[in-house]
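Coordinates in review
Next come the chains, spelled out residue by residue.
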Amino acid sequence: MKKAPPASRRKRSKPSSRSSTISKQKRFETTEPTLASGVASKSLLDIESLSASEIESILDLTRRLDARSRESLSGELKYKRIALLFYEASTRTRVSFEFAAKALGATTSVITATASSIEKGESLIDTGYTLQAHGSDCIVIRHPSSGAPHILARHLNVPIVNAGDGMHEHPTQALLDAYTMLERKQKLEGLKVLIVGDILHSRVARSNTHLLTKMGAQVTLCGPEPLLPELASTLAPGVQEIRDLDRALQDADVIMLLRVQKERLEGLQLNIDDYIRNYQLTVERLRLAKPDAIVMHPGPMIRGMEIVSEVADSPRALIQNQVRNGVSIRMAVLLRALKRQQ
Ligand code: CP
């Protein structure tokens with residue numbers, strides 16, 4: 001039987017009330033002053049449990065950070081230690097969290113599933129206790145299992161930031177996507193956002209659907225039956241499903257493409273040739289959309305599968321803007337996690 005951790009590793013204080021469900025978010029209090037005016041200090045576990053005003057606060061903080069010089073930001077998280085605990089592969093999220101933390105003056109350490117004691121069988125919770133005992137002030141975690149960040153948050157007393165958990169949520173991706181849409185479209189309310197592809201396995205689709213509907217956008221999900229179950233439209237109020245991409249494109253202001261997650265298909269019957277024929281965004285298909293409709297993709301994208309290079313590299317595609325905004329959004333999320341509202 002597993003022994004309870006020593007008192008020094010147990011939670012020192014009980015956070016505000018939190019149910020056992022993964023949709024509830026724990027709040028952490030710190031005693032330090034902050035630049036993050038209007039944003040309470042806390043973990044970021046998912047979008048579902050955030051209010052529209054909390055989302056707006058993070059976006060607003062990101063705008064304020066973007067307006068500042070690199071030099072003026074570099075002391076904001078001086079002496080803070082941020083652990084980047086990545087159980088799953090990542091390029092964009094991992095690099096941008098690391099750059100964001102370092103831009104604010106924090107010290108970072110990257111822990112991956114290989115080349116760490118995770119490889120020797122150390123549990124998630126024991127890894128968390130270890131990072132906390134090292135003096136980590138915040139843990140950013142990506143994990144293949146849904147709910148892993150919530151488990152850490154229940155056991156540790158440092159803020160936890162979800163960098164993508166299984167098929168559940170990817171909150172910072174949805175925030176940077178919203179920020180990118182706002183740069184081009186000015187408001188989310190009334191915006192028609194079409195999300196196309198492997199909705200079933202996509203934490204990005206889930207977080208975006210929660211965020212966009214909370215902010216008043218109209219979300220339409222599009223994909224073949226195996227990748228878009230009818231139940232998906234119950235994810236949030238007002239979400240609709242359209243199977244026919246050519247029809248769905250005509251109304252969209254934003255077209256967000258998703259990768260087919262071959263590693264998660266697990267026996268699903270999906271004919272790749274049919275998928276490409278019916279759901280690939282080609283130049284001809286893009287002509288069916290409004291002239292000012294924008295194309296987005298969270299990455300990694302598979303050229304020749306869900307998108308052709310002529311579209312991915314066209315001025316209509318904001319894919320590199322999304323990547324760029326990832327650093328700013330993650331700076332805001334880390335400040336929110338580590339500094340108290342003033
Ligand atoms: N969008 C995204 O999460 O990309 P990475 O897997 O490269 O981090």
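All of the points below concern the structure found in this document.

Procedures and definitions
Residues numbered from 1 in each chain as written. Predicted model: local features only at pLDDT ≥ 70, side-chain atom pairs only at ≥ 80, totals over all residues. Pairing = 2+ DSSP bridges. Helix = DSSP H or I, 4+ residues; strand = E, 2+ residues; numbered from the N terminus. Axes fitted to C-alpha atoms, helices over the stretch in contact; angles between N-to-C directions. Near = placed C-beta within 6 Å. Nonpolar A, V, L, I, M, F, W, Y, C, P; charged D, E, K, R; others polar. Domains from an automatic or database assignment. Contact = placed C-beta atoms within 7 Å.

Below, the discussion takes up the sheet that holds strand S4 (residues 160-165). Taken in spatial order, the 4 strands make up an open sheet running S2-S1-S3-S4, and their pairing is parallel. Of all strands in the sheet, those with a lone pairing partner are strand S2 (107-112) and S4, marking the two edges. For this sheet, the mean inter-axis angle between neighbouring strands, taken without regard to orientation, is 15 degrees. Looking at chain direction, strand S1 (residues 81-86) and strand S3 (residues 138-143) are connected through 5 bridges and run parallel. Opposite Ile82, over in S3, you have Cys138 as the bridge partner.

With that out of the way, let us pick up the site of the ligand. Residues in close proximity to the ligand include Ser90, Thr91, Arg92, Thr93, Arg94, Gly164, His170, Gln173, Pro298, Gly299 and Pro300, which together make up its full environment. By residue number, the principal contributor to the shell around the ligand is helix H3 (residues 92-103), which donates 3 residues. Here the shell around the ligand is composed, by residue class, of 2 nonpolar, 7 polar and 2 charged. Counting only domains with at least three residues in the shell around the ligand, you end up with domain 1 (23-169 + 325-338) and domain 2 (171-322).

Moving on, we get to the environment of Gly223. As for its placement among the helices and strands, Gly223 is situated in the loop between strand S6 (218-222) and strand S7 (240-241). Here the alpha-carbon distance between Gly223 and Asp244, two residues 21 residues apart in the chain, equals 7.7 Å. Excluding anything up to four places from it in sequence, Gly223 contacts Val196, Gly197, Asp198, Ile199, Leu228 and Tyr279.

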